[in-house]
Structure formats: structure tokens, C-alpha cells
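Per-entry structural report
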Amino acid sequence: MASPGVEVELLVRGQSDLGEVAPEIKASERQAAVAIADLEWREMEGDDCELQYGDGPNEAQDNDFPTVERSRLQEMLLLLGLEAHQVQKLGLRDALHISSDSMRNWAPQAPKDLPWNFLRKLQALNAEARNTTMVLDVPPDTRPMEKESQMEEEVIYWDAADDISADIYSFSELPTPDTPVNPLDLLCALLLSSDSFLQQEIMLRMSLCQFALPLILPDSENHAHTFLLWAMRGVVRTWWSQPPRGMGSLREDSMVLPRAPAFAFVRMEVSSNSKSQLLNAVLSPGHRQQDCFWHRDMSLGTSPREIADGLVEISWFLPSGREDLDLFPEPVAFLNLRGDIGSHWLQFKLLTEVSSAVFILTDNISKKEYKLLSSMKGSATKYYFILSPYRGKRNSNLRFLNRLIPVLKMDHSHVLVKVSSTDGVRFVRRVRSIVGHVARSPCRRVSVEDMAHAARKLGLKVDEDCEECQRAKDRMERITRNIKDSDAYRQDELRLQGEPWRKAARVEKELCQVQWAVDPPDKHRAELSHRLLELRAQQSSQAPAGGMQEFIAGISCPSLGERQYFLRWMEWGLAWVAQPRPRQSPEAVLTLRLKQVGAGDLSERLRPEPLGVEHFLREMGQFYEAESCLVEAGKLPAGQRRFAHFPGLAFELLVQGLPLELIDGNTLSTPVRWVTGLLKELHAHLERRSRLVVVSALGVPATGKSTLLNTMFGLRFATGRGRGPRGAFMQLVTVAETFSQDLGCDHILVIDSGGLIGGTPATAGERFELEVSLATLIMGLSNVIVVSLAETRDIPPAVVHAFLRLEKMGHVPNYQFVYQNLHDMSVPGPKPRERRPLLEHPVDVSRAAAQVDKQGEGLRTLAYLAFCDPEKQHVWHIPGLWSGVPPMAAVSLGYSEAIFELKRCLLENIRNGLSNPNKNIQQLIELVSQL
């Protein structure tokens, strides 16, 4: 009996220890490093080299390895219709445009449909996105027909004169494609064909669906496997963090940053047990198993992998703070290598360098496997074997295991046997207990960033190491290193917003009210105009501070890629320096589902605003506003303008998918000249395709408006604790040219707004008046309005008031009322589009109308007709977002399907002209000025 395995060296908790791997290898030497790793494995084969191991047809053989793999990759790309995107990569705009397919839920009919079907379902957070089942579309006249009476009979009769040789099964089978595609091959091909920003979007949405994420992307054709650090950097999750002493709290962070114990599961030669099924069972609390990792028992799971061998996936267990659900008290990472470790030696070496323990699944251990594992002598990693031995191999396995025990510092408790008669539930508990024991003991803890560092040393390519990305990161760090306190930075560096902008906005509002008065006093109007000019002159006398100048240089960079990298780095960099958020109780984890704020609770609305990219753009807008005001008043010659190009820079950001601020969240005021300048740039660049439909979302705080719009259109509106919109933001969605004539517009402008308080004007005071102005502007610009309701299903009074104002102007957009089940995620609700009275008593609307606008009974009747008539309203009851308890819950299929149906209805209404007439950009500019 060998002595128990020696524990790994003690590490300081929270610090990584990857050991000395090798001198860092330059990019030019990576291909050689991969080839050397492959050669090491071949040299280990020794006398057993004539034996064939691995996955049979999935594994390349010695001499034809490069040729076979190159052929497989190119054939897969050709099959999926992606061969053209090896040079011109797919981007976000390619994936998110609106087409005729956006209005129908169709099954892919050919392999070339699969990438687009995957992207469309992933955008909608559909849990079935990975399904690659195809159904051929056969014309009706050639499709086999069956009579219902025949279907019900147990015996089918046919005429003896018929062709007896005919295949009787053809009567009942739908034709299917000859070439099934493994979902992992589809994922690898799509990632290889996508640019860095589409890769990030794919990763983010896969994470929300609780899919395992690709960590190392294989590209055996070019011997250039890629570690996907950048692609994963945008994945942000929230979990319960409990320090050894003191109170716990919810922590929200990018998943590349936290250090946690990692456990790798790999296959050596052949294993009768499925790694992925075992991992899913280990990760799933309770009896309901989540399919984080795709496995052999799922649809097309047994289809041979053509290009995905060598893929390394990662998933995490994240605690919720509930003892009955938390399998582990801290985050734990799980890594899964697809394919045999012998054929993917480089990936296996990396996993042994970064993991606290490696679980090796195999059926038998022979001389070849012994030689392979003996090379890991001296490794600080713990090794565990999960065996399912062939009959007659018992003695051979024991002999080589006994020789490996001192080499790998194991004992016999590190060997687990799982055969067909093994109790699966008890076996999973045993694996969990091993993981928990190792995680509680002093062990290696690494972040994804640490893993990338080890990958570089082994010669793997890291996607974040490109020059554009690193230059953008350096520029971000030059800005953020000076931010010690967000409020102080705003006051010192972003000087034009805050109190100066509030004063100017207040004067502009008074001036607007005076101009619309029946008989405005000229003296008062002149005083207001003079005061506004003084305030704007004070703003214009300022020069952009150092951080602002660096930001402007970053978004002015000639390289489109570097501009995009810079904006993403800024978003994360500003999040890292944000002030810590208040701690909450464990029960607060349920707020991850979408926290419900009470009608009178203004604390969420008035919380300190975290510093973000929008503040830098708001500062640019104020420089442009001040300068434009002086030019209009003749106080500044147009030839001396310094900031006239700012709207053009902002337009480029809007086209790239960045949400731009329409209404300032602090003052709830609109910088009219800035927004007008931006829309003029939009008109100038999209003149040929300038027909617009405006879709907006309004409603009570924390009712899921931003998440709904992001799911519906694939957008990037801020979500999460403390990061929801304040004011209003807009994003542009392009309609495919082939569909724009049918839909009647070329682009859809989507507006997301901050929550409207549910209180009455008497209790809300000035805040209510500001929110009425916000609602009036947004509803006035919109063709379609999605009103998100709280549990009471009361319409916010600000919306009613805005409706009454706009009704006098003859503006009646299409309203869609959405009520989301925010709490009980397990109880099935009514059908998404079930009609029921929005308010139990029509007098409620009359009362609200009387409170906000003391006009005649006629207007109140109009409000009643718009909001309370069951035949005219569209009320959607959306299931809860999560299926289970976050953070280990996936987005529910019911939520995804309901959002798709809502989207289909919106587009159908637009196409059929049920909304307000579509606008061009010039009309939108005029509306902004009027409203």
C-alpha cells in the first residue's frame, strides 16, 4: 500500500500559483511549440505505436495529420456556408439585423442555416440554441402523404399491384439531411469565423443560458489553438461571497477575474463513462440536471466531431447564499477537454498547470498510458482516476496503477471505479465530496487571467494579445489610473455636467414654457435668454480635461477595431474603479431575477450614479451644446468652432452598437442641440435608407425593460444591480435591405428608459413633472411603446399624463403592455397573449387622469379607451426570466418563447401599419425640437 498523496504546497488564499512552466514563447514560435508537444506524445508511444487510440475517425494519424485536419476544417466551413468569413469575419451587425426570419420560428433545413439559427436563438436566450437538428423542406406535391385512417390502424394494407420493393418506412418518415453536424463543431466553426466582438456576444449569451463556455478554441489546420481571454472578459456574473469572517455580500464581477479552485476532467484513450454527463450531474443541485456541457445522450450528441477535438470548455459553480442549494461555499471552476489527452497533449499540460485536481476517465491503463502519465512526475496537481475496466484487464490495471501511485503522489482513494451497476447518485456525491475536500484544503486558486498567463508560456495564442487590443487597454489605463473617487473625478475632470448643466437645463425649461405661453412677457424672456447665454459662455470657456482629451483621442482613432476595443476596455475599467456597493442579506440573491421596487421607493432612483462611458459622452455633448448656443446667438463665429465634429464621433459609436444617451438621467433633461446634431449625422450617412420606426420601453423600475429589449433585439442596454438606465438611451437596429420594403422601414431606433415612479404627483413633486416630460418625449417619438408594469398592473401616472398631452397633438402610438412574473418562477402563468382587463376598475384611470390633468371628461374617456378596452389593448403576461434560483439558473424557455412572440407581434404591427406612420430622420429631428 502506497503512502497517502502529499498535499500541494500551501498557498496564500486569493493568490495564484501556476508554478514555473517554461520560458514564455513568442508568437512566432507558437506553431513549433504545438508541433513539439505533439512529437512528445508520439515519442511516448514506444512499443505500442502500432495501436490506434483516441476517437477513431475523429483523431488524425501521424503522417497525414496536417492534411486531414485542414481538409476537415475547410469542409466543415464549406458545409456551414462560412468559408467566406475566414478573412472577412462576421461581426455584430451581421448577426443582429432584422430580416424576414425574425418573424417566424423556423427549423433549419440545410447545414448553411445552422449558424444563423444558432445566433438567432442565442440572441433570444433560447435554451435549445445548440440543437442542430434539421428538417428538409419538401414541396407539398412530393411529400409522402398519409391518411388519418391509416395512421390509426395497427396494420397497413397496400395493393398487391404496388411495387413490393418500395421502402415502407418512407410513408412515415420526414426526409432528413445526410450530414448531421455536431453542435460543438458548429460552435467552433462559428467562433473561428467571427470577429472578437461577436465572439464576446456569443460568450455572454451562452453564459446566460448556462452553457459551458469555450476556453481554448482548436484550430488544428494552422496549429494555432487560441485561448479566449478577450472573448470571455465580457461575461459578468453575480454570486454570494462569504469571507471566513464577517458578513457576506453579493459580488458582481467579470468571470476572468476571481481566483477559484479549478478541476479538470479529461479522457485518456477510451472511456465508457461520459465526462460531460458526470460534470453536469456534479454541477446540478437537486434532482434536476442542467446540461451545461453537451454530451452523448443529447440530440446529435453521438455525431462524430470533425473539428472540435481539442476544445477546452469551462463552467463554474457559483453559490447563492442558500445552504439548501449551495453545493460548494465558494465559486469552483470546472474544465472539460474534448478528445483524448494523448492527441491534445498541449491542452492537457495546461490543465495540469492550472488545476487543483485532474480527474482522468479511462477504461484501462496499459504501458502506453503509464508512460504518458509518468511524464507528469513532480506535478503539484492532484490526480484522480475514474475507471470502467474491461473484463480480463483487472490485473493489468492494478499493476500499472500501483506503479503510478508513487509517481503522482496518490493513494488508493484516488481511484474510483464506475461500472454499469454503480449507483449513479452515490457516485456523483462521492465526486462532489472530493471536489469539496480539495477546495477546502490549501490548494491552487487561479483566475482565467492566470490561466491565460500559463497558456502564453506554453506557446498558446491568447486572443487579447493583438496590438490593437493592447494599445486600447493602455489608453484606458491612462484614464482610469487617475480615478480614485468617482464623485471627485466627475467634479474635477467632467466639469460641464452636474450643477452647471442642471442650471442651464432649468433655464432652458423656463424659456421653453415662456415661448409657448399665449402672451409671453418680452422682458422675462430676454432675461432668461441672457442668463442662459451666460451659463453657456461659462461652460464654453472651459477646455476638456486630460482624461477627456484621452477619451476623445480613443474614439477618434482611425482604426475601427481599436475604437471598439477602447470602448469595451473603458466600460470594464470604469466598472473596476467603481465604488463598492452596499452589502445585502443572502435572501437578496433573489433580486437577481429582477428586483421589484415599491411604488413609493425612490431610493433606487436616487442612488449615487456609478461612473460610466455615458458620462464622458455627456461631457462631449455639453461642450457641443454650449458652443452651438453661442453660435446661434451670434456670440461665436461658426469658423471658430472646436467641437463641431463631436456628433460625428458619437454617430460612429451608435452604428457600432453603443447605447447613446437621449435624456440625461440626472436632470431628466434633453440636450436638444446635441441630439439634433447626432440625428443630422445619422441622416447624412443613411440618407438612402433613412426610414425609421421608433420602439421604446417605459414603466416601473426594475420590471425587466432593459433585459426584454436586449433579448428581443440583441442589444447592449445596461442591466444588473445599480447599472440600469437613468434617463433614456437609444440604439440602432438595421433592417436587411431584402426585408426593408416589406417591413416599411430601413432601421429601428430602440429607446430604453429609466423606471417611472409609481407614486402620485402629490407625493412625487418635481420628480413627477420631470418624469412626465421624459415620458412625453419618448412616447412622442415612438411608433410602438412597450409599457412594463409592476405586480399591481397599474399604469404609471406619468404615462397617462403623457398620453393625454400627446392625444391633443393627434399622436397615438401602438401600445403593448407587458407584465412579468418576477417572483414565482416555477408556477406556469397564463398564455403570453391572454387578454384580460388591464385595470380591474375603469375609474382608476379616470382618477389618475384627474390627478395629472384637470381637463374634460372627453380626455379621460380617451385614456380609458386606449388603456382599458380589452379589444384594443395588447396585454402580455411574460413568464419569469429564470428557470430556478440564480446564479445557477438558466433563462427559462418560456421567457424566451414569449419574448419571441412579442417581437413577432411588434414587427407584424409595423408591417401592417398598425403603429403611427413611420418617420424619416428629418421628421424625427423636427419632433425632438417640438417635444
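Structure: above.
Chains are numbered independently. Their residues run from 1 in the order of the written sequence. Only residues with pLDDT of at least 70 are given local features in this predicted model, and only at 80 or more are side-chain atom pairs given and counted; all residues enter the totals for whole chains, interfaces and linings. Only hydrogens and water are set aside; all other atoms, that is, all heavy atoms of the structure, feed into the side-chain values.

This paragraph deals with the layout of surface pockets. Residues are called lining when one of their atoms sits within 4 Å of a cavity or pocket point, these points coming from a 1 Å grid over the protein atoms alone, where a cavity is a set in which a 1.4 Å probe fits but cannot get out and a pocket is an open set with protein on both sides within 12 Å along at least five of seven lines. Grid points are joined across faces, edges and corners, and a volume is the space filled by probe spheres set on the points. Of the volumes computed, that of the second largest pocket is approximately 1800 Å³. Comment: elements are numbered from the N terminus, with helices defined as DSSP H or I runs of at least four residues and strands as E runs of at least two. Among the elements of the structure, helix H17 (499-515), helix H18 (522-540), helix H21 (613-632), helix H23 (672-685), helix H27 (766-781), helix H28 (797-808) and helix H32 (921-930) are those that each provide at least two residues to the lining of the second largest pocket. The biggest single contributor to the lining of the second largest pocket is H17, with ten residues. In this count, Pro and Cys sit with the nonpolar residues alongside Ala, Val, Leu, Ile, Met, Phe, Trp and Tyr, while Asp, Glu, Lys and Arg are called charged and the others, Gly among them, polar. Of the residues contributing to the lining of the second largest pocket, the split by class is 20 nonpolar, 14 polar and 13 charged.

Another aspect to go through is the packing of helix H6 (residues 183-192) against helix H7 (residues 196-208). Axis definition: a line fitted to C-alpha atoms, over the contacting stretch in the case of helices. Angles run 0 to 180 degrees between N-to-C directions. Two elements in contact, H6 and H7, have axes separated by 9 Å at closest approach and are oriented at 145°. In the crossing of H6 with H7, the sense of the turn from one axis to the other is left-handed. The segment H6 lies against H7, with Leu187, Leu190 and Leu191 engaging Gln199, Ile202 and Met206. Classifying every residue of the contact of H6 with H7 gives five nonpolar, one polar and no charged. Should the near helix be turned counterclockwise from the far one by less than a right angle, the crossing is left-handed, whereas a clockwise turn marks it as right-handed. Any two residues having at least one pair of non-hydrogen atoms within 4.5 Å are treated as being in contact.

Below, the discussion takes up the sheet that holds strand S6 (residues 312-317). Adjacent strands of a sheet form backbone hydrogen bonds with each other and so pair up, either parallel or antiparallel. Taken together, nine strands build an open sheet; the order of strands is S10-S9-S8-S5-S7-S6-S1-S2-S11 and the sheet is mixed. The sheet terminates laterally at strand S10 (415-417) and strand S11 (461-462), the two strands that pair on one side only. Contacting strand S1 (213-217), S6 and strand S7 (332-340), H6 crosses the sheet at an angle of about 65° to S1. Of the strands in this sheet, strand S5 (262-267), S6, S7, strand S8 (357-362) and strand S9 (382-387) are in contact with helix H9 (residues 275-283), which crosses S7 at around 170°. What makes two strands pair is DSSP finding at least two bridges between them.

What follows deals with the packing of aromatic side chains. Here the aromatic set is Phe, Tyr and Trp, taking the six-membered ring for Trp, and pairing holds for ring centres within 6.5 Å; pairs whose planes are under 30 degrees apart are stacked, those over 60 apart are edge-to-face, and all others are tilted. Counted according to the given criterion, the structure contains 23 aromatic pairs. Considering the side-chain rings of Tyr624 and Trp674, the 5.9 Å spacing of their centres and the 65° angle between planes classify their relative orientation as edge-to-face. Placement of Tyr624 in helix H21 and of Trp674 in helix H23 is noted, with a sequence separation of 50 residues between them. Partly exposed residues are those whose accessible area sits between 20% and 50% of the maximum for their type, while under 20% is buried and over 50% is exposed, using a 1.4 Å probe and protein chains only. For Tyr624, a relative accessible area of 11% gives the class buried. Judged by relative accessible area, Trp674 falls into the buried class, the value being 7%.

On to H28, then. The first and last C-alpha atoms of H28 sit 17 Å apart over twelve residues, in line with the 16 Å expected at 1.5 Å per residue. Among the twelve residues of H28, nine are classified as buried, and the element is accordingly described as predominantly covered. Looking one or two residues past H28, Gly810 carries a phi angle of roughly 80°, positive in sign. For a helix, the expected span equals 1.5 Å multiplied by the number of residues minus one.

Most of strand S14 (residues 727-734) is tucked away: seven of the eight residues are buried. Bridging between strand S12 (residues 660-664) and S14 involves four bridges; their strand directions are antiparallel. Bridge pairing in S14 places Glu661 opposite Phe729. For S14 and strand S15 (residues 747-753), the ladder comprises seven bridges, and the chain directions are antiparallel. Each bridged residue has a counterpart across the sheet, and for Gln731 the counterpart in S15 is Val750.

Another aspect to go through is the nonpolar core. Within this scheme, the nonpolar core is defined by two criteria: the residues are buried Ala, Val, Leu, Ile, Met, Phe, Trp, Tyr or Cys, and they are joined through side-chain atoms within 4.5 Å. Judged by nonpolar contacts, the single largest core of 241 residues is most densely connected at Phe227, Phe334 and Phe385. Ranked by residue count, the leading element in this core is H27, at nine residues. Of all hydrophobic cores here, the second largest spans 13 residues; its members include Ala505, Val507, Leu528 and Leu533.

The end-to-end C-alpha separation of helix H20 (residues 560-576) is 25 Å, in line with the 24 Å expected for 17 residues at 1.5 Å each. Summarising burial for H20: 13 of the 17 residues are buried, a large majority.

What counts as a salt bridge is simple: a side-chain nitrogen of Lys or Arg found within 4 Å of a carboxyl oxygen of Asp or Glu. As enumerated under the stated definition, the model contains 34 salt bridges in all. Between Arg471 and Glu467 there is a salt bridge, with its nearest N and O atoms 3.6 Å apart. Taken as a pair, Arg471 and Glu467 lie in helix H15 (residues 467-480) at a separation of four residues, close to a single helical turn. Given the relative accessible area of 60%, Glu467 is considered exposed. Taken together, the salt bridges that share partners define one network made up of Glu508, Arg536, Glu625, Glu632 and Arg673.

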